[in-house]
Amino acid sequence: MANYDLLTELLDLPHIRVTHSQQVGQDRLNLFIESTVEAAVCPHCQQVSQTVHEVGVPQMLRDLPIWNRRCWLRYAPRRFKCEPCGNSFVERVEWREPGLDYTQRYEQAIYERARREPVAHIAQTEGLSEDQVAGIFERGAKKHSLNGATPA
Ligand SMILES: [Zn+2]
């Protein structure tokens, strides 16, 4: 049996464990991950729920490369059911913004590169489209200006 404790430790995402890995060719690695959190707070009534209602469709999220291999995380967001109010809700994770196909740290890395390098070059080396790179840069630039990085 494979043991994924080391990959989990190296991946270093909060409350996430690696359950499986898959090499795709010479330069790509897929890591199957799952949340280790057993409860979530209902956004409607703030009660803690431990009832997993359903597990969503797995998504492939781009993450930082590992050992020079492009890395994707296979992650299925869970939907919790809140018994007191009857609401069901998808768990939130701190390392990825809902609806985006990248981890926050991957976006941050691309944003930093996009400040120095041409978009076309990043797109080519990362296997992204130029639109994706431009979108990451715009979001990053907006975030940084909101954080008070505006010049005096
Ligand atoms: Zn509730």
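Here, every reference points to the structure presented above.
Remember, predicted model here, so these are calculated numbers, not experimental data.

## What about the pattern of salt bridges?
Applying the stated rule across the entire model yields ten salt bridges. Its salt-bridge partner being E91, residue R78 comes within 2.9 Å of it at the nearest N-O pair. One end of the pair, R78, is in strand β8 (residues 78–81); the other, E91, is in the loop between β9 (88–90) and α2 (104–114), with 13 residues separating them in the sequence. In this structure, R78 and E91 share a single accessibility class: buried. Salt-bridge contacts for K143 lead to E97; the nearest nitrogen and oxygen are separated by 3.1 Å. Highlighted residues: K143 in helix α4 (residues 130–146) and E97 in the loop between β9 and α2, separated in sequence by 46 residues. Look at E97 and you get partly exposed, because its relative accessible area is 26%. Via salt bridges that share partners, R62, R113, E117 and E126 belong to a single interconnected network.

## A short note on the coordination of the zinc ion
The protein atoms that coordinate the zinc ion are C42 (SG), C45 (SG), C82 (SG) and C85 (SG), at distances spanning 2.3 to 2.4 Å. Coordination geometry of the zinc ion: the four donor atoms subtend angles of 102 to 118 degrees at the metal centre, consistent with an arrangement described as tetrahedral. In the primary structure, the donors to the zinc ion are separated according to the pattern C-x2-C-x36-C-x2-C. Of the residues examined, C82 reaches a relative accessible area of 0% and is grouped as buried.

About the thresholds
Residues numbered from 1 in each chain as written. Predicted model: local features only at pLDDT ≥ 70, side-chain atom pairs only at ≥ 80, totals over all residues. Heavy atoms only, no water. Salt bridge = Lys/Arg side-chain N within 4 Å of Asp/Glu carboxyl O. Helix = DSSP H or I, 4+ residues; strand = E, 2+ residues; numbered from the N terminus. Buried < 20%, exposed > 50% of the residue type's maximum accessible area, 1.4 Å probe, protein only. Donors = N, O, S within 2.8 Å, 3.2 Å for Na, K, Ca; no water. Tetrahedral: all angles 85-135°; square planar, octahedral: opposite > 155°, others 65-115°.

The values reported here are purely geometric and, on their own, carry no functional implication.
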